[in-house]
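# Tertiary structure, described
One letter stands for each residue in the lines below.
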Amino acid sequence: MELLKEREEQIHRTGEQPFTLTCNKDSLAGAVSQRACVFCGSRVVLYPIADALHLVHGPIGCAVYTWDIRGALSSGPELHRLSFSTDLQEIDVIFGGEKKLTNALFELIERHSPKAAFVYSTCIVGIIGDDLEAVCRNVQKEVNIPVIPVKSEGFKGNKRAGYTAACNAMARLIGTGDTTGISPYSINILGDFNLAGEIWMIREYFERIGVEVVANITGDGRIADIQRAHGAALNVVQCSGSTMDLAKVMEDEYGIPSMRVSYFGVEDMAQALYDVAGHFNNPEIMAKTQALVKEELQELLPKLEFYKKALTGKKAAIYVGGSFKAFSLVKAFRLLGMDVVMVGSQTGTEQEYRELAEITDPGTIIVDDTNPLELTSFLEEKTVDIFVGGVKERPIAYKLGVGFCDHNHERKEALAGFVGMLNFAEEVYSSVMSPVWRFTYQKAEKK
Amino acid sequence: MSKNPPNYISTTNACKLCTPLGAAIAFKGIEGAVPYLHGSQGCATYMRRYIISHFNEPIDIASSSLSEKHAVYGGGANLKLGLINVTKKYRPQLIGIATTCLTETIGDDVKMFLNQYEQEVKGEKPTMVEVGTPSYNGTHMEGFHNAVASVVDALAGKKDGGAEGTPVNILPGFVSPADIRYLKEITEDFSLNPTILPDISDTMDGQAAKTYEKIQPGGTPISAIATMGNALASVEFGHTMSEKSGGAILAEKFAVENIRISQPVGIRASDRFFDHLVKLSGLPIPEKHRAERGRLVDSYVDGHKYIYGKKAIVYGEEDMVVGLTAFLAEIGVIPILCASGGKSRKFAEKIAEATGDLLPEQPQVHEGMDFYDISELAESLEPDLLVGHSKGYPLAQKLSIPLIRVGFPIHDRMGGQRILHLGYRGAQQLFDLIVNACIAKKQSDSPIGYSYM
């Protein structure tokens, strides 16, 4: 396929030339990027905090398209699953929306008694110049809960800028709670969003090795936990794109070190636990970790054999939001005997892409901020058996007669941890091996 | 009546979507078209995701991908660059450009930009149609109807040509691909030559194909739109759109009679539609459709006891709610609340017109509603079933009553694009769904269960 000229430098093929790849730039007009916007970035990071009010200040669309979008589960309150909007009308755009926002905040805070309120700005708010900071400050004086503006005007960058806005908002909460009684062997879990209850599995692993979890940031999150998160001894960051900024702030202000981990795939899950245990340098914790990993692997590995046998030699393509997750997926596919032939993300960094180029096989396509037509040509060129992505990528795979695994916000299967690896194998297997591909023209013709 | 008692100033779980989304779907119903949003990247991506979750089809919506500097200095350059890139990659026949709240508010003059583009860009260019869709003005239905009106205004003419048969225009509004396929079948059975605008029957419910189609085949041909001025009449479904609808423009410009009727949901509304087709074609109702009507009446009789007196809440797009409410009234279900996020100010009147002689008492009818309002009312109304799109599921779950999924979006079930709402066949499917939902509810609530109705 012929590429748009401006897109050429955002695609690299492992081994075919020295590594060069441009990334973290604005999406090209008319290229049909799979990316969303700043608002989206802040919304998906903050919204799993279940006992907060999440009010979108803007016309209805921004709130409605993100209503319960992530399926982030809560073990208690479920305020995050509602979609609140100021639903700005033309008259508000002309005369300003501050009054409406103030009234909406008073109304909703009275109605739901949240532990805090986040107010998200959208494109239009940036244009009409409503002073969110002042509105939030004034309302907070009256209501006795934190009321925090999230500066997430859609056009002010890409999703990454939204992550930063979310972290800045949370940074205002941290340091305001009481930290007495927190164990010296304690962590915050950053960058897990509790899709399909994954954070409950991860928390259980940490509890089993004797590590206290102070705050989940943000899956199944609670305001009070985040307010005392500065009492934890370590920040364990999974989705580094989304929450590394917060970890950095906590390191600067409270001296809390952080480490990057991944809970996807056997190797990375085990490594995450070992890294945390190693950090605390406590023989008992390390011994418990070794026992946990051994126990889980003894259970898991025999079960994986079945899938490996069936899937060995099959080809996989990956396109995800952040590229850190892609590393784990590459390893997970290898564990199943599969070859990864394409890997890309919406918001990866140059360093991440460089590392991907180092670990992937020659000829693997590495791509930043791609679009449906490019994805189509890559999948066709590589004759892929399964494509990992989110909802927007799904019909691309299916129209090409390619299996699909949802590894994004909306998935309902837990893919983290040791059990998650088995679920992942099952899902990949059930798509790749389905007899339905016999009826699609592409596969039928290949035979 | 409209909501908005003084204390209600926020929206919780909206029962509407934003204007550009409707425009994007309408543009998808035109052959060779790519929808294009002039705004920041997020709008296009969010709407794509949302639409995919209903139709399970690719929908490529291009964007100007405006950033902060464009918000300050204007989005003209990016609009033009975007159009050039879309043309290069997709080779579209038409680009349907819809504005967003951002570009409306910074005051981008899309018409002027398009004129500049026309002069600056050499070579073959796709047809451009633009529609203003500030998302703080109306719902996705305004966006949909305004996009249709813009297409008609820009492209409809009185060109010669077109296939044989009596030409008629059908402007069905936002109905399902299955509905549109069926409308084609019906009109063709009357030996009419219909131009259906928009036609999402193939573009949003495509086939498995040998090669990936950049733009899904199907949609109203631009050549057919160019002859809409020759039609004997336009039949336009719905009463809540603005006066300057596609059908109205055709009437004004080309003196094509505009027949505006309710969505043909249920027997009586379908009868009216068929009556018009009889008049337009000069032919009697084809036996096939007569038989379908006959079987439908037969099933109404067979199933009436299981649903008589059941109370229903109906919500969604105003015109669809009007149609569904009339249908429910004719099968003996009592509509107790009709709710929409739209604000046409015609909603209650149209429901009264469609149901007046069937219902001893009118349902509560509210415009500008969200699901918080609907839930609050539902508590005292004690409905037996909900009729509407997927967004009513949390309420159905809370009340443990069945939800009959209709309209858009259906993203918690397969086959949203295949739901038939219109005509005798649509009424048959809805009727069976509703009766069976009531039977299933009774069956599962029964402590012993039973195997016969």
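- The name an unreviewed UniProt entry gives chain B is Nitrogenase molybdenum-iron protein, alpha and beta chain, with Desulfocapsa sulfexigens as the organism.
- Per UniProt, chain B carries the Sequence similarities (unreviewed entry) text "Belongs to the NifD/NifK/NifE/NifN family."

- Per an unreviewed UniProt entry, chain A goes by the name Nitrogenase iron-molybdenum cofactor biosynthesis protein NifE and belongs to Desulfocapsa sulfexigens.
- The UniProt entry for chain A carries the following comment under Pathway (unreviewed entry): "Cofactor biosynthesis; Fe-Mo cofactor biosynthesis."

### Comments concerning the overall build of chain A
- Each helix and strand in chain A was counted, giving 18 helices and 14 strands.
- Taking 22 Å as the expected radius of gyration for a compact globule of 447 residues, we find that chain A reaches 22 Å, a close match to that expectation.
- The principal-axis extents of the C-alpha atoms in chain A amount to approximately 70 × 60 × 40 Å.
- Looking at chain A residue by residue over its 447 residues, the buried ones come to 63%.
- When the accessible surface of chain A is totalled, it reaches about 15,900 Å², and 50% of it is carbon and sulfur.
- Across chain A, the centroid of the 46 positively charged side chains sits 3 Å from that of the 59 negatively charged ones.

### Section: the packing of helix 1 (residues 19-27) of chain B against helix 7 (residues 140-155) of chain B
All names here are of chain B.
- One way to put it is that helix 1 packs onto helix 7 with a least axis distance of 6 Å and a crossing angle of 45°. Compared by their axis directions, helix 1 and helix 7 come out oblique. Both helix 1 and helix 7 take part in a crossing whose hand is right-handed. On helix 7, the residues touching Thr 19, Leu 21, Gly 22, Ala 23, Ile 25, Ala 26 and Phe 27 of helix 1 are His 140, Glu 142, Gly 143, Phe 144, Ala 147, Val 148 and Val 151.
- Looking at the contact of helix 1 with helix 7, its residues break down into 9 nonpolar, 4 polar and 1 charged.

### Side note on unusual backbone geometry
- A cis amide bond links A:Ile217 with the next residue in sequence, A:Thr218, at an omega value of 15°.
- Inspection of the secondary structure assignment puts A:Thr218 in strand 7 (residues 212-218).
- Put simply, B:Leu197 and B:Pro198 share a cis peptide bond, and its omega is -10°.
- In this fold, B:Pro198 is placed in the loop between strand 7 (192-196) and helix 9 (222-225).
- We note that A:Asp68 has phi near 55°; this positive angle belongs to a residue other than glycine.
- In this fold, A:Asp68 is placed in the loop between helix 2 (60-64) and strand 3 (84-85).

### Looking at the pairing of strand 13 (residues 386-389) of chain A
Residues and elements named next belong to chain A.
- Residues of strand 13 alternate between two faces, with Ile 386 and Val 388 on one and Phe 387 and Gly 389 on the opposite face, all of them buried.
- Here strand 10 (residues 315-320) pairs with strand 13 via 3 bridges, running parallel. By the bridge assignment, Ala 317 is partnered in strand 13 with Phe 387.
- Crossover handedness for the path strand 13 to helix 16 (residues 394-399) to strand 14 (residues 403-406): right-handed.

### Remarks on the sheet that holds strand 7 of chain A
All names here are of chain A.
- An order of 7-6-8-9 is seen for the 4 strands of this open sheet, with the pairing classed as parallel. Each edge of the open sheet is held by one strand with a lone partner, namely strand 7 and strand 9 (258-260). With strand direction ignored, the average angle separating the axes of adjacent strands in the sheet is 20°.

### Here's the deal with the domain arrangement of chain B
All names here are of chain B.
- Taken domain by domain, chain B holds domain 1 (19-139), domain 2 (166-207 + 216-281) and domain 3 (287-445).
- One C-alpha centre belongs to domain 2, the other to domain 3; they are set 24 Å apart.
- The partner domain 3 presents 36 residues to the 29 residues of domain 2 that form the contact.
- Counting each side, the surface lost to burial between domain 2 and domain 3 is near 2,800 Å², with a carbon and sulfur contribution of 56%.
- The largest share of the area that domain 2 buries against domain 3 comes from Tyr 182, Thr 240 and Ile 267, three residues that together contribute 24% of it.
- Between the two partners, domain 2 and domain 3, sit 6 salt bridges.

### Quick notes on the domain arrangement of chain A
All names here are of chain A.
- The domains assigned to chain A are domain 1 (38-172), domain 2 (186-291) and domain 3 (312-411).
- On a C-alpha basis, the centres of domain 1 and domain 2 stand 27 Å from each other.
- Facing 25 residues of domain 1, the contacting portion of domain 2 comprises 21 residues.
- The tally of links from domain 1 across to domain 2 stands at 0 salt bridges.
- Inspection of the region where domain 1 meets domain 2 yields 8 residue pairs in polar contact (both at pLDDT 80 or more).
- With 6 residues, helix 7 (residues 159-171) is the single largest residue contributor to the side of domain 1 that touches domain 2.
- Of the residues contributing to the side of domain 1 that touches domain 2, the split by class is 16 nonpolar, 5 polar and 4 charged.

### Some points on a nonpolar patch on the surface
- Judged by side-chain polarity, A:Ile91, A:Ile94 and A:Phe95 come together as a nonpolar surface patch covering roughly 380 Å² of accessible area.
- A:Phe95 gets classed as exposed once you look at its relative accessible area, which sits at 68%.

### Focus: the pairing of strand 2 (residues 33-38) of chain B
Residue and element names in this part refer to chain B.
- Of all 6 residues in strand 2, 6 are buried; the element is thus mostly enclosed.
- The alternating pattern of strand 2 places Ala 33, Pro 35 and Leu 37 and Val 34, Tyr 36 and His 38 on opposite faces, both of which are buried.
- The pairing of strand 2 with strand 4 (residues 94-99) spans 6 bridges and is classified as parallel. From the neighbouring strand, Leu 37 faces strand 4, where its bridge partner is Ala 98.
- Summarising the sheet, strand 2 and strand 3 (residues 62-63) pair through 2 bridges and their orientation is parallel. Along strand 3, the bridge assignment pairs Tyr 36 with Ala 62.
- Each parallel crossover has a hand, and the one from strand 2 via helix 2 (residues 41-55) to strand 3 is right-handed.

### Some remarks on the packing of aromatic side chains
- Inspection of every chain in the model, using the stated rule, returns 24 aromatic pairs over all chains.
- Ring geometry for A:Tyr205 and A:Phe418: centres 5.5 Å apart, planes at 70°, overall edge-to-face. With A:Tyr205 in helix 8 (residues 198-208) and A:Phe418 in helix 17 (residues 417-432), this pair connects stretches of sequence that are 213 residues apart. With respect to class, A:Tyr205 is no different from A:Phe418; both count as buried.
- With centroids separated by 6.3 Å and ring planes inclined at 75°, the aromatic side chains of A:Phe387 and A:Phe404 adopt a geometry described as edge-to-face. Here A:Phe404 lies in strand 14 and A:Phe387 lies in strand 13, a separation of 17 residues in the sequence.
- Looking at A:Phe387, the relative accessible area reads 0%, which means it is buried.
- The exposure class of A:Phe404 is buried, given its relative accessible area of 5%.
- One aromatic cluster is present, built from ring pairs that chain together A:Tyr65, B:Tyr50, B:Phe55, B:Phe144, B:Phe174 and B:Phe408.

### A word on the nonpolar core
- Counting residues in each nonpolar core, the largest one holds 167 residues, and the members touching the most others are A:Phe118, B:Phe327 and B:Ile374.
- Among the elements that line this core, the one with the most residues is helix 17 (residues 423-445) of chain B, at 9 residues.
- Not counting residues within four places of it along the chain, the set of residues in contact with B:Phe327 comprises B:Val265, B:Gly266, B:Tyr300, B:Ala427, B:Leu430, B:Phe431 and B:Ile434.
- One finds A:Ile189, A:Leu234, A:Leu300 and A:Ile318 within the second-largest nonpolar core, a separate group that totals 63 residues.

Conventions used here
- Residues numbered from 1 in each chain as written.
- Chains lettered and ligands numbered in written order.
- Predicted model: local features only at pLDDT ≥ 70, side-chain atom pairs only at ≥ 80, totals over all residues.
- Heavy atoms only, no water.
- UniProt positions renumbered as here; feature names shortened; annotations may be inferred.
- Helix = DSSP H or I, 4+ residues; strand = E, 2+ residues; numbered from the N terminus.
- Rg over C-alpha atoms; globule rule 2.2 N^0.38 Å.
- Buried < 20%, exposed > 50% of the residue type's maximum accessible area, 1.4 Å probe, protein only.
- Areas by Shrake-Rupley, 256 points an atom, 1.4 Å probe, with all protein chains shown as cover.
- Lys, Arg positive; Asp, Glu negative; His and termini not counted.
- Charge placed at Lys NZ, Arg CZ, Asp CG, Glu CD.
- Axes fitted to C-alpha atoms, helices over the stretch in contact; angles between N-to-C directions.
- Parallel < 35°, antiparallel > 145°, perpendicular 65-115°, else oblique.
- Left-handed = near helix turned anticlockwise from the far one by under 90°.
- Contact = heavy atoms within 4.5 Å.
- Nonpolar A, V, L, I, M, F, W, Y, C, P; charged D, E, K, R; others polar.
- Pairing = 2+ DSSP bridges.
- Right-handed = clockwise from strand over helix to strand, strands pointing away.
- Domains from an automatic or database assignment.
- Buried area = accessible area lost by both parts, 1.4 Å probe.
- Salt bridge = Lys/Arg side-chain N within 4 Å of Asp/Glu carboxyl O.
- Polar contact = N/O pair within 3.5 Å; in protein donor to acceptor, adjacent residues only side chain to side chain.
- Patch = residues over 30% accessible without salt bridge, like charges linked within 9 Å, V, L, I, M, F, W, Y side chains within 5 Å.
- Phe/Tyr/Trp six-rings, centres within 6.5 Å; stacked < 30°, edge-to-face > 60°.
- Core = buried A, V, L, I, M, F, W, Y, C linked by side-chain atoms within 4.5 Å.

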